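Structural description and commentary
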Amino acid sequence: MSALQLLIGVILPPITVAVLVAGLIARLRKWSRAPVGKITLYPSAKTGSEVWSHTAKEVFLFRSLWSGDRPLWVGAWIFHASLALIFVGHFRVVTDFPRLWAAFGMGSQDVDVMSAAVGGAVGVVILAIGLYLLVRRFTSRSARDASKTEDYVALVLLLAVIITGDAMRFLTHFDLAEVRAYFQGLFTLNLQVLPQSNLFWVHFLLVQILFMYIPFGKLLHLPGVLFSHPLLRRD
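Here goes a summary of the coordinates provided. (Residues numbered from 1 in each chain as written. Predicted model: local features only at pLDDT ≥ 70, side-chain atom pairs only at ≥ 80, totals over all residues. Heavy atoms only, no water.)

Some words on the overall build of the chain
Each helix and strand in the chain was counted, giving 12 helices and 0 strands. Listing the helices and strands of the chain from first to last along the sequence gives α-α-α-α-α-α-α-α-α-α-α-α. Evaluated residue by residue, the chain yields a buried proportion of 31% over its 235 residues. Taking the intrachain contacts of the chain between residues at least 6 apart in sequence as the baseline, contacts between residues at least 24 apart amount to 73%. Only carbon and sulfur atoms are counted for the fraction: they give 70% of the accessible area of the chain, which is about 14,600 Å². (Helix = DSSP H or I, 4+ residues; strand = E, 2+ residues; numbered from the N terminus. Buried < 20%, exposed > 50% of the residue type's maximum accessible area, 1.4 Å probe, protein only. Contact = heavy atoms within 4.5 Å. Areas by Shrake-Rupley, 256 points an atom, 1.4 Å probe, with all protein chains shown as cover.)

Some remarks on the nonpolar core
Of all hydrophobic cores here, the largest spans 17 residues; its most connected members are F79, L133, L134, L155, L157, V161 and L210. For this core, the elements supplying multiple residues, two or more each, are α7 (108-139), α9 (149-170) and α11 (198-213). In terms of residue count, the dominant contributor to this core is α9 (8 residues). (Core = buried A, V, L, I, M, F, W, Y, C linked by side-chain atoms within 4.5 Å.)

Things to note about helix α1 (residues 3-33)
Spanning 31 residues, α1 covers 43 Å between terminal C-alpha atoms, matching the ideal 45 Å at 1.5 Å per step. The axis of α1 is deflected most strongly, by about 55°, at L12, and proline P13 appears within four residues downstream. Where α1 is concerned, the buried positions are Q5, I8, G9, L12, P13, T16 and G23. Those residues of α1 that are buried are in contact with α10 (176-187) and α11. (Expected span 1.5 Å × (residues − 1). Bend = angle between axes of the 7 residues up to and from the residue.)

A short note on the packing of aromatic side chains
Evaluated as defined, the whole model comprises 13 aromatic pairs. Arranged with centres 5.4 Å apart and planes meeting at 85°, the rings of F183 and F204 form a pair that is edge-to-face. Here the residue F183 occupies a position in helix α10, and F204 occupies one in helix α11, the gap between them amounting to 21 residues. Since its relative accessible area comes to 11%, F183 is described here as buried. (Phe/Tyr/Trp six-rings, centres within 6.5 Å; stacked < 30°, edge-to-face > 60°.)

Some remarks on the pattern of salt bridges
In total, this model carries 2 salt bridges according to the counting rule given. In this structure, the salt-bridge partner of D112 is R92, at a minimum N-O distance of 2.7 Å. In this pair, D112 sits in helix α7 while R92 sits in helix α5 (residues 91-94), placing the two residues 20 residues apart along the sequence. Among the residues examined, R92 registers a relative accessible area of 11% and is labelled buried. The residue D145 makes a salt bridge to R141 at a minimum N-O spacing of 4.0 Å. Residue D145 and its partner R141 are located together in helix α8 (residues 141-146), separated by 4 residues, close to a single helical turn. Just as D145 is exposed, R141 falls in that class too. (Salt bridge = Lys/Arg side-chain N within 4 Å of Asp/Glu carboxyl O.)

What about the packing of α1 against α11?
It is at 9 Å that the axes of α1 and α11 come closest, and there the two elements cross at 20°. Between α1 and α11, the crossing angle belongs to the class labelled roughly parallel. In this structure, α1 crosses over α11, and the sense of that crossing is left-handed. Every residue of α11 that contacts α1 at Q5, I8, G9, L12, P13, I15, T16, V19 and L20 is listed here: W201, F204, L205, Q208, F211 and M212. Residue composition of the contact of α1 with α11, by class: 11 nonpolar, 4 polar and no charged. (Axes fitted to C-alpha atoms, helices over the stretch in contact; angles between N-to-C directions. Parallel < 35°, antiparallel > 145°, perpendicular 65-115°, else oblique. Left-handed = near helix turned anticlockwise from the far one by under 90°. Nonpolar A, V, L, I, M, F, W, Y, C, P; charged D, E, K, R; others polar.)

Quick look at the structure:
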């Protein structure tokens, strides 16, 4: 085990989890204690179900962005949908779900083929959309005026994670069993296997940096919507 592997693969993960959890708790406590003014968006909701219906449309459909900037809405919605698919797909890196695949009549080879096809396609799409969003911040005057340094940092960090992930998929041999054994050992505090791919360690380091950044930047906008939107939509 090299010093870098020890740092990235053994020492840093618990620190990352601690920073992420503590940061999320601190941010949510700050929001919950913030003074709430009476500023209602029209049309206001009369019942709790209407409030959460408006909120769900904002979370899943980005309705306010649809009303303001259709090209940006397309890019943002595809980007977030791709992120969601990637997040779900990465559960298979940690463990597998043989009973689920059996229920769909799929064997391990079928799942591997599906994972390679869907994961590869989503990886290409999210990279293209991410580059479009970055270029748009430079070429659109309104986006450039509204962008701050942290907006560029967050997007570049996301792109770095995406690019290294795509590189592992398309440019190198990715040993899923080896990586799964590593994470299972990490979670059970019985670490016996370390991935040999240098690109994996770069990718994993970037992911951990991203996770530690989330509570302190604008990437934490989903909980922000869940906090603010019901307040703005209630009558």
